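Coordinates in review
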Amino acid sequence: MGVKHGRDYADILNDLTQAVGRIEDSYLFFEMEPGEWEELPQESKLEVWEALAEDLFFALGDEPMIQVGSGVVIYDKETHRINILAGDEDLASVVLI
C-alpha cells in the first residue's frame, strides 16, 4: 500500500533513494557482503538504492520503522515525513506532502 503522500511519487522516490544511500552499510538490507558491494559499479549501487527506496516506501505503510544496515528508516505520520537515522545522527528527511 505504501505511505500517504501528496508529492509526486517520482520526486519522493528520488529523495528517498538519495537518503538511503547515505546509510553506509545499506547493502546489508539485501544481505550483500561488503566485498560484493565494493565491487559494484556506481550505476549498479544507484539501482540497488532505488530498489531499496521502493521497498521501504511500500513497507513503511505497514511497519513504520525498518532497520536498514546500521540505520533506521521511520515513517512519521504526524509530520508526513520519512526520517533516516544512523545511530544518533539524523541523515535525511523526505517530505511526503
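The text that follows walks through the structure, step by step, so that each part is easy to find. (Residues numbered from 1 in each chain as written. Predicted model: local features only at pLDDT ≥ 70, side-chain atom pairs only at ≥ 80, totals over all residues. Heavy atoms only, no water.)

With respect to a negative patch on the surface
A cluster of like negative charges, contributed by Glu 43, Glu 47, Glu 50, Glu 54 and Asp 55, occupies part of the molecular surface. Locating Glu 50 in the fold gives a position in helix 3 (residues 42–59). (Patch = residues over 30% accessible without salt bridge, like charges linked within 9 Å, V, L, I, M, F, W, Y side chains within 5 Å. Areas by Shrake-Rupley, 256 points an atom, 1.4 Å probe, with all protein chains shown as cover. Salt bridge = Lys/Arg side-chain N within 4 Å of Asp/Glu carboxyl O. Lys, Arg positive; Asp, Glu negative; His and termini not counted. Charge placed at Lys NZ, Arg CZ, Asp CG, Glu CD. Helix = DSSP H or I, 4+ residues; strand = E, 2+ residues; numbered from the N terminus.)

Looking at unusual backbone geometry
Of note, Glu 31 is a non-glycine position whose phi angle comes to about 60°, a positive value. For His 80, which is not glycine, the phi dihedral falls at a positive 55°. Topologically, His 80 is positioned in the loop between strand 2 (71–76) and strand 3 (81–86).

Some words on the nonpolar core
Ranked by internal contacts, the top residues of the largest apolar core, which has 27 residues, are Leu 16, Leu 56, Leu 60, Val 73, Ile 82 and Ile 84. Listing elements by their share of this core, those giving two or more residues are helix 1 (9–20), helix 3, strand 1 (65–68), strand 2, strand 3 and strand 4 (89–95). In contact with Leu 60, not counting residues within four places along its chain, are Val 3, Met 65, Ile 66, Val 73, Tyr 75 and Ile 82. (Core = buried A, V, L, I, M, F, W, Y, C linked by side-chain atoms within 4.5 Å. Buried < 20%, exposed > 50% of the residue type's maximum accessible area, 1.4 Å probe, protein only. Contact = heavy atoms within 4.5 Å.)

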